[in-house]
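Spelled out from the first residue to the last, the chains are:
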Amino acid sequence: MAEKIRTGLLGGTFNPIHIGHLALANYLCEYENLDELWFLVTPLNPFKRNLKLADDQIRLQMVQAAIADYNKFHASDFEFHLPKPSYTIHTLHKLSESFPEREFILIIGSDNWQVFNQWKSPEEIIQKYQILIYPRPNYEISPETLPHHVKMVHTPLLEISSSFIRESIAKGKDIRYFLHPETYRIIRENLLYREL
């Protein structure tokens, strides 16, 4: 029986995708034995109901443009076709059904791990799927407290957020080096984030 393809799942609104996302994903592919990593663009995060999102297709396009030159990355609109809001456990079930040749590994930040018990069916996720946790500023985790299948990874810490980028663009700042050039081009062409 062939080994399953180890596929990391990095979900988010990617509003917009920035170099922090790309550097994190690149590190995980090269240092955590992932065959590939999917950027799972979500249409609506249950915890971000009040966030004004750029159009789903434009956010997907920004991800596709940013990752086009690295063959381990894949942009996925899988959650666009699932009932909203998208809960991780539902997405994982559907992905596993649709792609049985893959072993899906969930990637979350230490900030999300600290509220993981508030997610839908957290125990089931932990039992059925491997989880990689990357560090976020001010959210310390003791690796020895983690369950089996859950691993803290020591990725480089880049303190960049999509909200910082949106706010900066709204203020008229030129922050092109926080973004892949193609993502920056799409933002400019579509006049995104000019207003908060």
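Residues numbered from 1 in each chain as written. Predicted model: local features only at pLDDT ≥ 70, side-chain atom pairs only at ≥ 80, totals over all residues. Heavy atoms only, no water.

A. Expanded view of the pattern of salt bridges. Tallied over the full model, the rule gives 11 salt bridges. Residues Glu30 and Lys72 are paired through a salt bridge, measuring 3.5 Å at the closest nitrogen-oxygen approach. Of this pair, Glu30 sits in helix α1 (residues 19-31) while Lys72 sits in the loop between α2 (56-67) and β3 (73-76), placing them 42 residues apart in sequence. In this structure Lys72 comes out as partly exposed when scored by relative accessible area, which is 24%. Bridged by salt links that share partners, the residues Glu36, Glu101 and Arg102 form one connected network. (Salt bridge = Lys/Arg side-chain N within 4 Å of Asp/Glu carboxyl O. Helix = DSSP H or I, 4+ residues; strand = E, 2+ residues; numbered from the N terminus. Buried < 20%, exposed > 50% of the residue type's maximum accessible area, 1.4 Å probe, protein only.)

B. Highlighting helix α7 (residues 181-189). Among the residues of α7, Thr183, Tyr184, Ile186 and Ile187 are the ones counted as buried. Burial along α7 is one-sided: seen end-on, the buried residues are contained in an arc of 160°. Seen from the buried face of α7, the exposed residues on the opposite side, beyond 90 degrees, are Pro181, Arg188 and Glu189. Tucked inside the fold, the buried residues of α7 contact α2 and α6 (162-170). Phi turns positive, to about 50°, at Leu191, one or two residues after α7. (Arc of directions from axis to C-beta. Contact = heavy atoms within 4.5 Å.)

C. Representation of the pairing of strand β4 (residues 102-109) within the structure. Where burial is concerned, most of β4 is hidden: 7 out of the 8 residues are buried. In this sheet, β4 lies alongside strand β1 (residues 5-12) in parallel orientation, the contact comprising 6 bridges. Note that in β4 the partner of Arg6 across the bridge is Glu103. (Pairing = 2+ DSSP bridges.)

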